[in-house]
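# Descriptive analysis of the structure
Here are the chains, one letter per residue:
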Amino acid sequence: QVQLVESGGGLVQAGGSLRLSCAASGRTFSSYAMGWFRQAPGKEREFVAAISWAGGTTYEADSVKGRFTISRDNAKNTVYLQMNSLKPEDTAVYYCAARGGSDTYTRWAPSRDLNEYAYWGQGTQVTVSS
């Protein structure tokens, strides 16, 4: 089991920045690729960014590319999402997730598919005012 706790959400004006953190406990954090997803009211949960177990490979959604950056610190068991140039349409609950999979190589690889993540945090609210 992996337990995930997000923090860093809040209210910010358009154009501002926030950094989300996701602290992991339980099984070895560095064994898992990690992802960030978000869900706005009335919408389905969507992919935001993902990072491989060692941080060498990252993916971002087109809607956030160039504005959001995912990173991780395996020594601190933490994954981050730096969000710059925020827009009102970024308003959502943001979730971090740890990759599932039956073998190590699968769990190491980042994915854009939320169905491939086995462990989820409780979410943190991000609200961007215009």
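Scroll up to find the structure.
Residues numbered from 1 in each chain as written. Predicted model: local features only at pLDDT ≥ 70, side-chain atom pairs only at ≥ 80, totals over all residues. Heavy atoms only, no water.

### Focus: the overall build of the protein chain
Along the backbone of the protein chain there are one helix and eleven strands. For the protein chain, the sequential pattern of α-helices and β-strands runs β-β-β-β-β-β-β-β-β-α-β-β. Over its C-alpha atoms the protein chain spans a radius of gyration of 14 Å, differing by no more than 12% from the 14 Å that the globule rule assigns to 130 residues. Across its three principal axes, the protein chain shows a C-alpha extent of roughly 45 × 25 × 25 Å. Taking contacts inside the protein chain between residues at least 6 apart in sequence as the whole, the part at least 24 apart equals 60%. (Helix = DSSP H or I, 4+ residues; strand = E, 2+ residues; numbered from the N terminus. Rg over C-alpha atoms; globule rule 2.2 N^0.38 Å. Contact = heavy atoms within 4.5 Å.)

### Considerations on the state of the cysteines
Scanning the entire structure with this criterion turns up one disulfide. Each disulfide pairs two cysteine sulfurs, and for Cys-22 the partner residue is Cys-96, the sulfurs being separated by 1.9 Å. Linking Cys-22 and Cys-96, the disulfide has an S-S dihedral of approximately 45 degrees and is accordingly described as right-handed. Linking Cys-22 in strand β3 (residues 18-26) with Cys-96 in strand β9 (residues 92-99), this pair joins segments that are 74 residues apart in sequence. By relative accessible area, Cys-22 is classed as buried at 0%. (Disulfide = S-S within 2.5 Å. Buried < 20%, exposed > 50% of the residue type's maximum accessible area, 1.4 Å probe, protein only.)

### Topic: the sheet that holds β3
With antiparallel pairing, the four strands of this open sheet are ordered in space as β1-β3-β8-β7. The outermost strands of the open sheet, each flanked by one partner alone, are β1 (2-7) and β7 (68-73). Taking the axes of each pair of neighbouring strands and ignoring which way they run, one obtains an average angle of 15 degrees across the sheet. As paired strands, β1 and β3 are joined by six bridges and run antiparallel to one another. Looking across to β3, one finds that Gln-3 is bridged to Ser-25. (Pairing = 2+ DSSP bridges. Axes fitted to C-alpha atoms, helices over the stretch in contact; angles between N-to-C directions.)

### Examining the environment of Val-2
Positionally, Val-2 belongs in strand β1. You can call Val-2 buried: its relative accessible area is 8%. Taking the C-alpha atoms as reference points, Val-2 and Ser-21, 19 residues apart in sequence, are found 15 Å from one another. Leaving out residues up to four positions away in the same chain, Val-2 has contacts with Ala-24, Ser-25, Arg-27, Tyr-32, Ala-98 and Tyr-119.

### Concerning the nonpolar core
Leu-4, Met-34, Trp-36, Leu-81, Met-83 and Tyr-94 are the most contacted members of the largest nonpolar core, which totals 35 residues. Excluding residues that lie within four positions of it along the chain, Leu-81 makes contacts with Leu-18, Arg-19, Leu-20, Trp-36, Val-48, Ala-49, Phe-68, Thr-69, Ile-70 and Tyr-94. (Core = buried A, V, L, I, M, F, W, Y, C linked by side-chain atoms within 4.5 Å.)

### Structural notes on the pattern of salt bridges
This model, assessed by the stated rule, comprises five salt bridges. A salt bridge links Arg-38 to Asp-90, with the shortest nitrogen-to-oxygen separation between them at 2.9 Å. Note that Arg-38 is positioned in strand β4 (residues 34-39) and Asp-90 in the loop between β8 (78-83) and β9, a separation of 52 residues in sequence. The same class applies to Arg-38 and to Asp-90, which are both buried. Between Arg-99 and Glu-116 there is a salt bridge whose closest N-O contact spans 3.0 Å. Remark: Glu-116 occurs in the loop between α1 (104-108) and β10 (117-120) and Arg-99 occurs in strand β9; sequence separation between them is 17 residues. (Salt bridge = Lys/Arg side-chain N within 4 Å of Asp/Glu carboxyl O.)

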